[in-house]
Each structure stands twice: as C-alpha cells, then as structure tokens.
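Each chain, letter by letter, is given below.
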Amino acid sequence: MKQLFFFSLLFFCAISDAQTNLIKNGGFESETLNWTGDAATISPYDKKTGKNSAVINQFTGAEWKAIDQIVNIPKNTYAVEFSVWVKADQIEGGKEAYNAGLMIAEFTNSGGKKIVSENIAQVKGTIVWTNYKKTVLVPEKAQKIRIMLALAQINGSVFFDDVNATALSEEEYFKLNPITTVPEGQKTISTSKPFSNGNFEENLNSWNGNGTISTTDKKDGNAAVEISSKIAEWKAIDQVSDINKGNKTIEISGWLKAKDIQQGKDPWNNGMFIIEFKKDENTKASEDQVIGTVTGNTDWTLFKKTFQIPEGAKQYRIMVAMSVCTGTLLADNIEVKLSN
Ligand SMILES: [Ca+2]
Ligand SMILES: [Ca+2]
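Computed from a predicted structure; not experimentally measured.

A sheet is described by the order of its strands in space; here five strands give the open sequence E1-E2-E9-E4-E7, paired in antiparallel fashion. Whereas interior strands pair on both sides, the edge strands pair on one side only; in this sheet they are strand E1 (41-43) and strand E7 (125-137). When the angles between neighbouring strand axes are averaged without regard to direction, this sheet yields 30°. Of the strand pairs in this sheet, strand E2 (residues 53-58) and strand E9 (residues 155-168) are connected by five bridges, and their pairing is antiparallel. The partner of Ala54 across the bridge, within E9, is Phe160.

Quick look at the structure:
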C-alpha cells in the first residue's frame, strides 16, 4: 500500500511538473526574491493579483534598467509558453521600437551564451493592465532561459505581475496549437493503394500537390522533392494510403533539408513532415501528428517516428509541407512500415 502510494505520488509529480511555472516568484508576492538586479521596486498599490507587483521607474536619463531571472529548461521541452501582465505609465519618446517596457526571453546554451531572444511584451505610452502571451519553440542546444523585465533606455514606469513560463512537451504543444492544414475541399480525392515512390525516383508519381523535382540536391538516387514558397502560404505534397486490417503501429521515416526557411506568424509555420489518420474521406481519426520540422538552413536530417494507429483509422495521409512560411523545403527517402 505504502509503495503504491509512493508510485502514484511520483506519477502525480511527473504530470504536474510539466505544467508548473518555471519562474519562481513571478507574482512578486515574495517581493523581489529570486530576481537579480535592483532596478525594480515592489508596488503594493498597483498590482494585477495578490499583494504586489514589480515596478521599474525612471524619470530622467533613459538608461537600461532591468531585473532578470535565469531558469533551466526541463528535459523534453519542445516549446515554452510565456505569459505576463503589464501596465505602463507615460513611457514616452525613444528613437527605436525597443525603447519600451519589455519582457524578453533569451534562450541560452549551458554556458549562458545567447542563442535567440524573443520579446514577449513590448509596451509604450500609458496602458492599463494587459496580458501578453507568446509560445516559443525551444531552439536546438538551448538549456536555459534568461527572463528580463526591462525599461529599455527610456523614461516612464512599467509594472509587471504574474510572470509565467510553462514548459510544453511536443504532444502538449500540438494539442494546444493544432496544425491547420489545407481545407478539405482543396484536397484531391484519395484512391486506395499502398504507399509508394517515397524516394521520388519516379518523379511525383503517387503524390498530389505543389512540388517540383530536384535532381541537383537530393539525399539518395537521382531525385528528391522540392517545395518552394516566396509568400507565406500553405504549400504541400501529400499521398493517401490504406491501413490494413490488424495494423497496430506505423513507423514513418524520411529525410528533410531546409534552405532559408523563414518561420511564419505561428511557431509551427515551418517546413513540416506530417501524418494524418483518417476514418474516411472527411473524418480525421486523430489530430495531425508531426514527424519532423525544419527551419532556417539545415543539412539533410533524418526524422523517424512510430505511432499507434488510432481506433477506426482506415487511411493515412503523409504530407510534406511549407506551412505558411517562405523558403525551400526538400524531402527524400520517405519510408513507411506498418506492423500488427
Ligand atoms: Ca502579484
Ligand atoms: Ca531520391
């Protein structure tokens, strides 16, 4: 009994841990504990929740004034959802857009070297308490996040409360941010057949959509598929194949390469390799699942995943997509293994 209790406690911790705020004392209820720097003071009069908020005031000089906190990114974190409540009082002037009240999330490697920096909130003038939210994909090699609350070389007052950073696993992330694929009406009618021509040696045979064949840049053989987009729109190739009775799992692998892919408005607006399970032509058997994503410039990279086939799924659609982003995506050697 004792042991059972111990295990359920562990299980409970594992679940709740994924959803907890990575930031300590984000509501400033313990004044400025856990925060570094002396630029902020506690405001018990003007706050969003609880007893306190933190305020950074500056009346002359327009210097950089900030407090910060460094947090570790938990293992298997795919994205971090940031949220903060901000209020501004007379933040005026400043030549640059970043001369503002700011919350910045800087992803760093283990040595503290900056990989990428994202503005979560950026406020000017006078505004009432407003919630700012942004989800950022964790860049490769990122180990820590430095959260900065700042008045960036400008005069005025900025208040912060309920600073939050929640780590999301890949599954949690895509549950919260389901991928919007091409409208059903635009999809071509599927025909019953096994998956084929994943190596693009027969050009675009078996595939639907807007790809071209690349014979200069390929992983293997003579050809790969290339999907290029100059404007941020959905551009993809896809192939629908049958699931046989008794199939329980499906393993999908394929090679992707990104050339100058600029992420679109949403974090998943990248080069993507996706599987969709279907009950019939118009009904999905589950949310779309991601096999891999690429952005920027990458070399040929192998992505491989195994999925349980959802209840009632009769077909699967494999998509290689430029998901509302610009640049060029290449794919080659896509393989599928169904097993019972
Ligand atoms: Ca508070
Ligand atoms: Ca090939």
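Let us keep going from here.
Our next topic: the coordination of the calcium ion (ligand 1). Six octahedral donors around a metal ideally make angles of 90 or 180 degrees; four tetrahedral donors ideally make 109.5 degrees. Donor atoms from the polypeptide that coordinate the calcium ion (ligand 1) comprise Gly27 (O), Glu29 (OE), Thr49 (O), Asn52 (O), Asp161 (OD) and Asp161 (OD), at 2.3 to 2.8 Å from the metal. On the primary sequence, the residues serving as donors to the calcium ion (ligand 1) are separated as G-x1-E-x19-T-x2-N-x108-D. Remark: Thr49 occurs in the loop between E1 and E2 and Glu29 occurs in the loop between helix H1 (2-19) and E1; sequence separation between them is 20 residues. Its relative accessible area of 34% is what places Thr49 among the partly exposed residues.

We now examine the coordination of the calcium ion (ligand 2). Taken together, the protein donors to the calcium ion (ligand 2) comprise Asn199 (O), Glu201 (OE), Asp220 (O), Ala223 (O), Asp332 (OD) and Asp332 (OD), at separations of 2.3 to 2.7 Å. Sequence positions of the residues that donate to the calcium ion (ligand 2) give the spacing N-x1-E-x18-D-x2-A-x108-D. In this pair, Asn199 is assigned in the loop between helix H2 (170-176) and strand E10 (208-209) and Ala223 in the loop between strand E11 (212-214) and strand E12 (224-242), connecting sequence segments 24 residues apart. The buried category is assigned to Ala223, whose relative accessible area is 5%.

Once that is clear, we can look at the UniProt feature "domain: CBM-cenC" (unreviewed entry) in the chain. In the numbering adopted here, UniProt assigns the feature "domain: CBM-cenC" (unreviewed entry) to residues 195-322. When the span residues 195-322 is considered, its composition is 0% helix and 56% strand, and the gap between its end C-alpha atoms is 21 Å.

With that settled, consider the domain arrangement of the chain. When its domains are assigned, the chain resolves into domain 1 (18-172) and domain 2 (190-339). The C-alpha centroid of domain 2 is placed 37 Å from the C-alpha centroid of domain 1. If you look at the interface, domain 1 gives four residues, while domain 2 gives five residues. Of the roughly 330 Å² buried where domain 1 meets domain 2, counting both sides, 49% is carbon and sulfur surface.

How each quantity is defined
Residues numbered from 1 in each chain as written. Chains lettered and ligands numbered in written order. Predicted model: local features only at pLDDT ≥ 70, side-chain atom pairs only at ≥ 80, totals over all residues. Heavy atoms only, no water. Pairing = 2+ DSSP bridges. Helix = DSSP H or I, 4+ residues; strand = E, 2+ residues; numbered from the N terminus. Axes fitted to C-alpha atoms, helices over the stretch in contact; angles between N-to-C directions. Donors = N, O, S within 2.8 Å, 3.2 Å for Na, K, Ca; no water. Buried < 20%, exposed > 50% of the residue type's maximum accessible area, 1.4 Å probe, protein only. UniProt positions renumbered as here; feature names shortened; annotations may be inferred. Domains from an automatic or database assignment. Contact = heavy atoms within 4.5 Å. Buried area = accessible area lost by both parts, 1.4 Å probe.

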